[in-house]
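Chain by chain, the residues run as shown.
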2 protein chains.
Amino acid sequence: MRWDDINQQACSVARALSVVGERWTMLIIRDAFFGTRRFDQFQGNLGITRHRLSERLGKLVEAGVLVKVPYNDRPVRYEYRLTRKGLALYPVLMSLARWGDEWMDKGEGAPLEYVHQKCGHKTHATLTCSECGDPLRPQEVTPQLGPVLQAVADEREQAGESLQGIPPLFRLSM
Amino acid sequence: MRWDDINQQACSVARALSVVGERWTMLIIRDAFFGTRRFDQFQGNLGITRHRLSERLGKLVEAGVLVKVPYNDRPVRYEYRLTRKGLALYPVLMSLARWGDEWMDKGEGAPLEYVHQKCGHKTHATLTCSECGDPLRPQEVTPQLGPVLQAVADEREQAGESLQGIPPLFRLSM
């Protein structure tokens, strides 16, 4: 499979990575969450070439993660702001940050700490169940086919074709 | 900055991406969470070259995310299992999956659903505050320098050097 085709997989992780899985892209999004909006600021923070930055920003605009908004008329200049789709990446960003804090801190503790203004405490981003609120642990969570994949599986079964299990189903082009 | 140097940033997101930010790596980890352990299974699921897969698996072993365990004596064969450090990537994986479910589902609903065995309900992975349990929203969370970066900032201030704000501090080599 080619990387450019991973958004064709019937897998939300692969589809998400087709947007945010490039080198630098999540760092651009990190900077956007910290308030960076202008091309030169992104470039200064990241230290990547203008060409590469421009290409990455363009893809994020195309994917609807960032929106390009004019902030100056003459000459016309644009800045990049997170859309709702972009803001929805916050759990991805904070989960990466927490993993880095806990497993890649070089023994020096977290570079940044986070205060949850709503409760006033230093917080650790914690993945929990939407229904019971308990932390989600992999051994307690069972994946099952969603309605669309289940329909595909049912069709195959009725046609007497083999059910190949979940991982190969990921590769169905839906 | 070169990509290979991003683990030198004083930023946990960058450090995490230095391990899991390569193309294919998070998909390898996804497969590992779904029970894939053997080289040929990974290759069959992902459809990438043996050379690339071998390189990615090797890096994950080196980083302590996977461990190589013999499962056969003659000839000796190895399988790859998630370590505690690897299992700790579950929130990253599930946050990517949820974002893909909500924003990249092509209008067909989530390919996979997840049942939380502990409470028996279909669950959506939700990022919450470790202290009050409320969902974490970016506008309600304030980052602040951790102790090590704060010490660096204090030193600079005492030396009369300018405090450059947080994003440039990310680039300090700690």
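Bear in mind the structure is a predicted one, so any value in this text is a computation, not a measurement. (Residues numbered from 1 in each chain as written. Chains lettered and ligands numbered in written order. Predicted model: local features only at pLDDT ≥ 70, side-chain atom pairs only at ≥ 80, totals over all residues.)

A.B. asks: Honestly, the overall build of chain A in this entry has me stumped. Any pointers?
C.D. replies: Looking only at helices and strands, one finds eight helices and six strands in chain A. Its helices and strands in sequence order give chain A the pattern α-α-α-α-β-β-α-α-β-β-β-β-α-α, from N to C terminus. In terms of C-alpha radius of gyration, chain A reaches 20 Å, well past the compact-globule figure of 16 Å for 174 residues. Projecting the C-alpha coordinates of chain A onto the three principal axes gives extents of approximately 65 × 40 × 30 Å. Evaluated residue by residue, chain A yields a buried proportion of 36% over its 174 residues. (Helix = DSSP H or I, 4+ residues; strand = E, 2+ residues; numbered from the N terminus. Rg over C-alpha atoms; globule rule 2.2 N^0.38 Å. Buried ≥ 20, exposed ≤ 12 C-beta atoms within 10 Å, placed from the backbone.)

A.B. asks: I'm lost on the relation of the copies chain B and chain A in this one. Help?
C.D. replies: Between the two copies of the chain lies a relationship made up of a rotation around an axis and a movement along it. When chain B is fitted to chain A, the best match, at an RMSD of 0.0 Å, comes from turning it 180 degrees and sliding it 0.0 Å along the axis. In the structure described here, the two chain copies are related by an operation that fits a two-fold rotation axis. In terms of C-alpha distance to the rotation axis, chain B has Leu127 of chain B as its closest residue, with the C-alpha 2.3 Å off the axis. When you check the interface residues of chain B against chain A, 100% turn up at the interface there too, and the contact is symmetric in its surfaces. (Least-squares fit on C-alpha atoms with pLDDT ≥ 70 in both. Contact = placed C-beta atoms within 7 Å.)

A.B. asks: So what exactly am I meant to see when it comes to the nonpolar core here?
C.D. replies: One broad trend across soluble globular proteins is that nonpolar side chains are buried collectively. Counting 72 residues, the largest nonpolar core has Val13 and Leu96 of chain A together with Val13 and Leu96 of chain B as the members making the most contacts within it. Discounting residues that sit within four places of it in the chain, Leu96 of chain A has contacts with Met26 of chain A together with Val13, Ala16, Leu17 and Val92 of chain B. (Core = buried A, V, L, I, M, F, W, Y, C linked by C-beta atoms within 7 Å.)

A.B. asks: What is the right way to look at the environment of Gly35 of chain A in this model?
C.D. replies: One can find Gly35 of chain A in the loop between helix H2 (25-33) and helix H3 (39-46). Residue class for Gly35 of chain A comes out exposed when judged on the 10 C-beta atoms lying within 10 Å of it.

A.B. asks: What is the right way to look at the confidence of the model for chain A in this model?
C.D. replies: Close inspection of predicted coordinates is inappropriate in any region flagged by low pLDDT. Of the residues in chain A, 93% have a pLDDT of 70 or more, and the chain-wide mean is 90. The model gives residues 166-174 of chain A a pLDDT under 50, and that stretch makes 21 contacts with residues more than four places away or in other chains. (pLDDT = per-residue confidence, 0-100.)

A.B. asks: What is the right way to look at the interface of chain B and chain A in this model?
C.D. replies: The accessible area lost on association of the parts is a frequent measure of interface size. Each partner contributes to the interface: chain B provides 82 residues, whereas chain A provides 82 residues. Here the element with the most residues in the side of chain B that touches chain A is helix H6 (residues 90-103) of chain B; it accounts for 13 residues. Considering only residue class, the side of chain B that touches chain A consists of 48 nonpolar, 20 polar and 14 charged. Pairing analysis gives five bridges linking strand E5 (residues 125-129) of chain A to strand E5 (residues 125-129) of chain B, with the strands arranged antiparallel. (Nonpolar A, V, L, I, M, F, W, Y, C, P; charged D, E, K, R; others polar. Pairing = 2+ DSSP bridges.)

A.B. asks: It is not clear to me how the sheet that holds strand E4 (residues 121-122) of chain B should be interpreted in this structure. Could you clarify?
C.D. replies: Each strand in a sheet pairs with its neighbour through backbone hydrogen bonds, running either in the same direction (parallel) or in the opposite one (antiparallel). Taking strand neighbours across the sheet as the criterion, the three strands line up as E6(A)-E3(B)-E4(B) in an open arrangement whose pairing is antiparallel. The sheet terminates laterally at strand E6 (141-145) of chain A together with E4 of chain B, the two strands that pair on one side only.

A.B. asks: So what exactly am I meant to see when it comes to the pairing of strand E1 (residues 66-72) of chain B here?
C.D. replies: Consecutive side chains along a regular strand alternate between the two faces of the sheet. Residues and elements named next belong to chain B. Relative to strand E2 (residues 77-82), E1 runs antiparallel, the two being bridged by six bridges. Across the sheet, residue Val69 finds its bridge partner in E2, namely Glu79. Connecting E1 to the antiparallel partner E2 that follows it, the hairpin turn spans four residues.

A.B. asks: Sorry if this is basic, but what is going on with helix H1 (residues 12-20) of chain B here?
C.D. replies: Think of an α-helix as 3.6 residues a turn; residues three or four steps apart then line up on the same face. Here H1 of chain B lies mainly inside the structure; nine of its nine residues are buried. Close packing links the buried residues of H1 of chain B with H2 and helix H6 (90-103) of chain A together with helix H2 (25-33) of chain B.

A.B. asks: Sorry if this is basic, but what is going on with H2 of chain A here?
C.D. replies: Residues and elements named next belong to chain A. Among the nine residues in H2, eight count as buried, and that is most of the element. Buried within H2 we find Thr25, Met26, Leu27, Ile28, Ile29, Arg30, Asp31 and Ala32. Remark: Gly35 follows H2 within two positions and exhibits a positive phi of approximately 105 degrees.

A.B. asks: I keep staring at the environment of Thr123 of chain A and nothing clicks. Help me out?
C.D. replies: Along the chain, Thr123 of chain A falls in the loop between strand E4 (121-122) and E5. Residues Thr123 of chain A and Asp134 of chain A, eleven residues apart in the sequence, show an inter-C-alpha distance of 16 Å. Not counting the four nearest positions on each side in its chain, Thr123 of chain A is found in contact with Tyr114, Val115 and His116 of chain A together with Cys129, Ser130, Glu131, Leu136 and Val141 of chain B.

A.B. asks: What exactly am I supposed to notice about the packing of H2 of chain B against helix H3 (residues 39-46) of chain B here?
C.D. replies: Packed helices, taken two at a time, are described by their axes: the angle between them and the distance between them. Residue and element names in this part refer to chain B. Interhelical geometry of H2 versus H3 gives an angle of 120 degrees and a closest axis separation of 11 Å. Handedness of the H2/H3 crossing: right-handed. For the pair H2 and H3, contact is made by Leu27, Ile28 and Asp31 and by Phe42, Asn45 and Leu46, respectively. (Axes fitted to C-alpha atoms, helices over the stretch in contact; angles between N-to-C directions. Left-handed = near helix turned anticlockwise from the far one by under 90°.)

A.B. asks: Got a minute to help me understand the pairing of strand E3 (residues 112-116) of chain A in this structure?
C.D. replies: What you see with E3 of chain A is a clean split: Leu112, Tyr114 and His116 of chain A sit on the buried side and Glu113 and Val115 of chain A on the side with no burial. Bridge count for E3 of chain A against strand E6 (residues 141-145) of chain B is five bridges, and the pairing is antiparallel. Within E6 of chain B, the position partnered with Tyr114 of chain A by the bridge is Pro143 of chain B. Adjacent in sequence and paired antiparallel, E3 of chain A and E4 of chain A are bridged by four residues, among which Gly120 of chain A carries a positive phi angle near 85 degrees.

A.B. asks: What am I meant to see in the sheet that holds E3 of chain A here?
C.D. replies: The strand order across the open sheet formed by three strands is E4(A)-E3(A)-E6(B), and the pairing between neighbours is antiparallel. Two strands close off the open sheet at either side, each with one partner strand: E4 of chain A together with E6 of chain B.

A.B. asks: Please clarify how unusual backbone geometry should be interpreted in this entry.
C.D. replies: Most peptide bonds take the trans configuration, and most residues that are not glycine carry a negative phi. The residue after Arg74 of chain A, namely Pro75 of chain A, is reached through a cis peptide bond having omega -5 degrees. Structurally, Pro75 of chain A is set in the loop between strand E1 (66-72) and strand E2 (77-82). In this structure, Trp24 of chain B is a non-glycine residue whose phi angle is positive, near 80 degrees. If you trace the backbone, Trp24 of chain B turns up in the loop between H1 and H2. Phi at Lys106 of chain B is positive, roughly 55 degrees, even though this residue is not glycine. Position of Lys106 of chain B among the secondary structure elements: in the loop between H6 and strand E3 (112-116).

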